[in-house]
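Next come the chains, spelled out residue by residue.
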Amino acid sequence: MFIEQLLSFFAWCTLLNYSVLIIWFFIFKLGHDWLHLLHGKWFDLNEQQFDLINYCGMGLFKLLILVFNLAPWIALQLIE
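Everything quoted here is computed from the prediction, not taken from an experiment. Each chain carries its own residue numbering, running from 1 in the written order of its sequence. It should be noted that, the model being predicted, local features are given only for residues of pLDDT at least 70 and side-chain atom pairs only at 80 or more, the latter also being counted only at that level, while totals for whole chains, interfaces and linings use all residues. Side-chain metrics rest on all non-hydrogen atoms present in the structure, leaving aside hydrogens and water.

Some points on the side chain of Asn 54
Relative to the assigned elements, Asn 54 resides in helix 3 (residues 47-79). Assessed through its relative accessible area of 12%, Asn 54 is described here as buried. N or O atoms closer than or at 3.5 Å make up a polar contact, with two conditions inside protein: a donor-capable atom paired with an acceptor-capable one, and, for residues adjacent in sequence, both atoms drawn from side chains. A distance of 3.1 Å separates a polar atom in the side chain of Asn 54 from a polar atom in the side chain of Trp 24. By definition, residues are in contact when any of their heavy atoms lie within 4.5 Å. The contacts of Asn 54, once residues within four sequence positions are left out, are Trp 24 and Phe 28. Only DSSP runs of H or I reaching four residues or more are called helices, and only runs of E reaching two or more are called strands; each is numbered from the N terminus. Think of it in three bands: residues with accessible area under 20% of the maximum for their type are buried, residues over 50% are exposed, and the middle band is partly exposed, with areas taken using a 1.4 Å probe on protein chains only.

As for a nonpolar patch on the surface
What makes a patch is a set of residues exposed beyond 30% relative accessible area and free of salt bridges, joined within 9 Å when like-charged and within 5 Å when nonpolar (Val, Leu, Ile, Met, Phe, Trp, Tyr). In this description, accessible areas are obtained by the Shrake-Rupley approach with a 1.4 Å probe, and a residue is regarded as covered only by the protein chains that are shown. Whenever a carboxyl oxygen of Asp or Glu lies within 4 Å of a side-chain nitrogen of Lys or Arg, that contact is scored as a salt bridge. Together, Leu 60, Leu 63, Leu 64, Leu 66, Val 67 and Phe 68 line one region of the surface with nonpolar side chains, adding up to about 540 Å² of accessible area. Relative to the elements of secondary structure, Val 67 occurs in helix 3. Given a relative accessible area of 44%, Val 67 falls into the partly exposed group.

Right under this line is the structure:
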């Protein structure tokens, strides 16, 4: 029973985190100019720096999802 609960937990975590990543991407893509204007004023960023920070942030977030959500789910699937 406990493994089934963990499987469900990691599956939902993976789904929710990938949903956040997809929403982040679409907000970044559709609201790029407005977001750059807003954050550029706060942190004195040019457009290349802003794009690099977001791209690296999305990549890091995706890597963390893989390591902390998807890999444990796969490992639990294999032992069950």
